[in-house]
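Understanding the architecture of this molecule
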Amino acid sequence: MTKRNYAKENKWEDTPEQVARRVQRNKARREAMKKGKVKKGDGKEVHHLANNRRGKLGNKVKVVSKKVNRSKQPKRDGSQD
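The structure contained in this document is the topic of the report that follows. Keep in mind that what you see is a predicted model, and the values were worked out from it rather than measured.

Moving on, we get to the side chain of Glu-45. Note that Glu-45 resides in strand E1 (residues 44–48). At 2.7 Å, the side chain of Glu-45 forms a polar contact with the side chain of Asn-69.

Take a look at the structure:
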């Protein structure tokens, strides 16, 4: 098993593209909270529909459980379930 390179990960997370995507995710979560769809500690996440790995996140979102949302994540080699 390979050791994680945390310095490399942190550098990648600070790139302008990733910062912009994080801002979009946080905004979608705040909007869902305002609508009463989610609340802190409820185990729900905002899932972006038709999400691609590059560029802007889709505006279509739905609220799903954490388990469901994490199971839909693309695999590291680029393939998806």
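With 19 residues, helix H2 (residues 16–34) extends 27 Å between its outermost C-alpha atoms, agreeing within 8% with the 27 Å of an ideal straight helix rising 1.5 Å per residue. Buried residues of H2: Gln-18, Arg-21, Ala-28 and Ala-32, and no others. For H2, the angular spread of the buried residues around the axis is 85°, confining them to a single face. Exposed and facing more than 90 degrees away from the buried side of H2 are Pro-16 and Lys-34. Residues of H2 that are buried in the fold lie against helix H1 (6–13), E1 and strand E2 (61–65).

Once that is clear, we can look at the pattern of salt bridges. Counted according to the given criterion, the structure contains 3 salt bridges. Linking Arg-29 and Asp-42 is a salt bridge whose minimum nitrogen-to-oxygen distance equals 4.0 Å. Of the two residues, Arg-29 sits in helix H2 while Asp-42 sits in the loop between H2 and E1, which places them 13 residues apart along the sequence. Residue class for Arg-29 comes out partly exposed when judged on its relative accessible area of 22%. The partner of Arg-70 in a salt bridge is Glu-45, with the nearest N and O atoms 2.7 Å apart. Within this pair, whereas Arg-70 is found in helix H3 (residues 66–71), its partner Glu-45 is found in strand E1, the two being separated by 25 residues in sequence. When its relative accessible area of 14% is taken as the criterion, Glu-45 is described as buried.

Calculation criteria
- Residues numbered from 1 in each chain as written.
- Predicted model: local features only at pLDDT ≥ 70, side-chain atom pairs only at ≥ 80, totals over all residues.
- Heavy atoms only, no water.
- Helix = DSSP H or I, 4+ residues; strand = E, 2+ residues; numbered from the N terminus.
- Polar contact = N/O pair within 3.5 Å; in protein donor to acceptor, adjacent residues only side chain to side chain.
- Expected span 1.5 Å × (residues − 1).
- Buried < 20%, exposed > 50% of the residue type's maximum accessible area, 1.4 Å probe, protein only.
- Arc of directions from axis to C-beta.
- Contact = heavy atoms within 4.5 Å.
- Salt bridge = Lys/Arg side-chain N within 4 Å of Asp/Glu carboxyl O.

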